[in-house]
Amino acid sequence: MPYERVNSTLFPGIEVWIRRDDTLDPLISGNKAYKLLYNLLEAKARGLDAVITCGGAWSNHIHATAAAGARFGFKTVGIVRGWRPKELSAALQDAERLGMQLVFVKKSLYHRRWEEGFLEEVLGENYKSALFIPEGGSSWAGVKGAELLGRVIKESASVNFDQVWVACGTGATFAGLVGGLRDIPVIGVEVLSAGDSIANSVDRWLTMSGESISGALYRTSVEECLKGDLIGVEGSGLLSGGHCGGYAKCPKELSSFLIRVERDTGIPVEPVYTGKLLHALSVSAKSGRIPAASKVLVVHSGGLQGRRGYM
Ligand SMILES: *Cc1c(COP(=O)(O)O)cnc(C)c1O
């Protein structure tokens, strides 16, 4: 049963459920599995036998791509930010063991990963028979994969959820869920301090889907939780200010919160995505910002391999 009811005083006044996409597969799990699906089908349809992608030392996407390549018969190349360290992160060690070729590039070059000419500069002519998947798996195909997840939730869950919460890095998963869940509001918790960049990417993807979510995206910060409209009543929106000090930062308050979550629920979480998501939900529920008795579904987007970076 992918939906688990959560009983914890951390989320007062609402009914919280978690969809356990962390348990989808031992290696290709969480939102990265959905984001890879249509990318790999495209590689197969085009007769490409290799996949190139990029990310940081603890990237869940690099990890999942290496595993999917090994499972489904694609060569994989991972372009990694920064020089090769003496000791690789556990995530990159796994990736190499799964057969991924790692190519380390200096940060100034990595910054140009969204630009044309990047692949040629890093890999020469070798990239031409491979599918390139951008960082985080956040391509249009990635958005379509998350949309599939949204449809699965909408059409098959036995609970009628009032809102669905998900962690946002690039916003591709959020954008796909908005498309797939239709009239069910989706709340995306931004896990980094990114200005408007997540909102802008989401706008672009929603425009491509022909999806208009009425008016501008609802945006507020966790600190502003006591003011303004109740979360979710205006439809889907992004919640900023819940990054707990920045991407991948885990201050003491967050780590003690995570210990409580795991003790109360028995569900494993990690600090980078799902931990911050649940923290923002807890703050919002405690300050009475979610309509009373709402049935809230939290998408567990996986990423548990990354916990090894915090031990
Ligand atoms: C990558 C990732 C996200 C963020 O997904 P986006 O589509 O980039 O917003 C959320 N949760 C986990 C566990 C991830 O690995």
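Preceding this paragraph is the structure being described.
Rules and cut-offs
- Numbers given for residues are sequential positions, taken from 1 along each chain in its written order.
- A pLDDT threshold of at least 70 governs which residues receive local features in this predicted model, and a stricter bar of 80 or more applies before side-chain atom pairs are shown or counted, although totals over entire chains, interfaces and linings include all residues.
- Neither water nor hydrogens contribute to the side-chain values; these are computed over all heavy atoms in the structure.
- Put simply, DSSP marks the helices as runs of H or I at least four residues long and the strands as runs of E at least two long, and each gets a number from the N terminus on.
- In a helix, the anticipated span is given by 1.5 Å times the number of residues less one.
- In this scheme, a residue with accessible area under 20% of its type's maximum is buried, one over 50% is exposed, and one in between is partly exposed, where area comes from a 1.4 Å probe on protein chains only.
- Side-chain atoms alone can form a polar contact between residues adjacent in sequence; in general such a contact is a pair of N or O atoms within 3.5 Å, and within protein one must be able to donate a hydrogen while the other accepts it.
- Think of it this way: one heavy atom of a residue within 4 Å of a molecule or strand is enough to make that residue near it.
- Note that accessible areas follow from Shrake-Rupley with a 1.4 Å probe, and for residues the cover is restricted to the protein chains shown.
- Under this scheme, a helix contributes an axis fitted over its contacting stretch, all axes are lines through C-alpha atoms, and angles between N-to-C directions fall in the 0 to 180 degree range.
- Angular relationships are summarised with four words: roughly parallel below 35 degrees, roughly antiparallel beyond 145, roughly perpendicular across 65 to 115, and oblique for the angles in between.
- Left-handed describes a crossing whose near helix is turned anticlockwise from the far helix through less than a right angle; right-handed describes the clockwise counterpart.
- Throughout, a contact is declared for two residues whenever any of their heavy atoms are within 4.5 Å.
- Under the scheme applied here, ten amino acids are nonpolar (Ala, Val, Leu, Ile, Met, Phe, Trp, Tyr, Cys and Pro), four are charged (Asp, Glu, Lys and Arg), and all others, including Gly, are polar.
- The pairing criterion is simple: DSSP has to find at least two bridges between the two strands.
- For the purposes of this section, nonpolar cores are sets of buried Ala, Val, Leu, Ile, Met, Phe, Trp, Tyr and Cys residues that join through side-chain atoms within 4.5 Å.

Q: Any chance you could break down helix α2 (residues 60–72) for me, citing the residues and the numbers?
A: Taking 1.5 Å per residue as the helical rise, α2 with its 13 residues ought to reach 18 Å, and the 18 Å between its terminal C-alpha atoms agrees with that figure. Within α2, 10 of the 13 residues are buried, which leaves it mostly tucked inside the rest of the structure. Within the sequence span of α2, burial applies to N60, H61, I62, H63, A64, T65, A66, A67, A68 and G69. With a side-chain oxygen positioned 3.1 Å from the backbone nitrogen of H61, the residue opening α2 is S59. At the exit of α2 stands G73, carrying a positive phi of roughly 80°.

Q: Could you give an account of the site of the ligand, naming the residues involved and the relevant values?
A: Taken together, 16 residues form the shell around the ligand, and within it K32, K35, T170, T173 and S301 come nearest. Residue N31 places a side-chain N or O atom 2.9 Å away from an oxygen atom belonging to the ligand. K35 has a polar side-chain atom sitting 2.7 Å from an oxygen atom of the ligand. Protein chains shield 98% of the accessible area of the ligand, which is 380 Å² for the free molecule. Sort the elements by how many residues they give to the shell around the ligand and helix α1 (residues 30–45) lands first, with 3 residues.

Q: Report on the packing of α1 against helix α6 (residues 140–156), specifying residues and quantitative values.
A: The interhelical angle for the contact between α1 and α6, taken along N-to-C directions, is 125°, at an axis separation of 7 Å. With respect to α6, the element α1 is oriented oblique. The two elements α1 and α6 cross, and the hand of that crossing is right-handed. Across the interface between the two elements, Y34, K35, L37, Y38 and N39 from α1 touch A141, G142, K144, G145, A146, L148 and L149 from α6. Residues of the contact of α1 with α6, tallied by class, amount to 7 nonpolar, 3 polar and 2 charged.

Q: Just give me the short version of the pairing of strand β11 (residues 295–300), but keep the residues and values in it.
A: Most of β11 sits out of view: 5 of its 6 residues are buried. As judged from the 6 bridges shared by strand β2 (residues 15–20) and β11, these two strands associate in the parallel manner. Bridge pairing in β11 links V16 to V296. With 3 bridges connecting them, strand β7 (residues 163–168) and β11 associate as parallel partners. Along β11, the bridge assignment pairs W165 with V298.

Q: A description of unusual backbone geometry should follow, citing residues and the corresponding values.
A: With phi around 55°, C244 is a residue other than glycine that occupies positive phi space. Following the sequence through the fold, C244 ends up in the loop between β10 (237–240) and α9 (252–265). Taking relative accessible area as the criterion, C244 reaches 18% and is therefore assigned buried. At A248, a residue that is not glycine, the phi angle is positive and equals roughly 65°. Here A248 shows up in the loop between β10 and α9. On the accessibility criterion, A248 (28% relative accessible area) is partly exposed.

Q: So what's going on with the nonpolar core? Which residues, and what values?
A: Counting residues in each nonpolar core, the largest one holds 30 residues, and the members touching the most others are F11, I14, W165, L278, L281 and V298. Of all the secondary-structure elements, those providing two or more residues to this core are β2, β7, β8 (186–190), α9, α10 (274–286) and β11. Among the elements that line this core, the one with the most residues is α10, at 5 residues. When sequence neighbours within four positions are dropped, the list of residues in contact with L281 reads F11, I14, V16, W165, I290, V296 and V298. Core analysis: the second largest hydrophobic core is formed by 29 residues, A157, V166, F174 and L297 among them.

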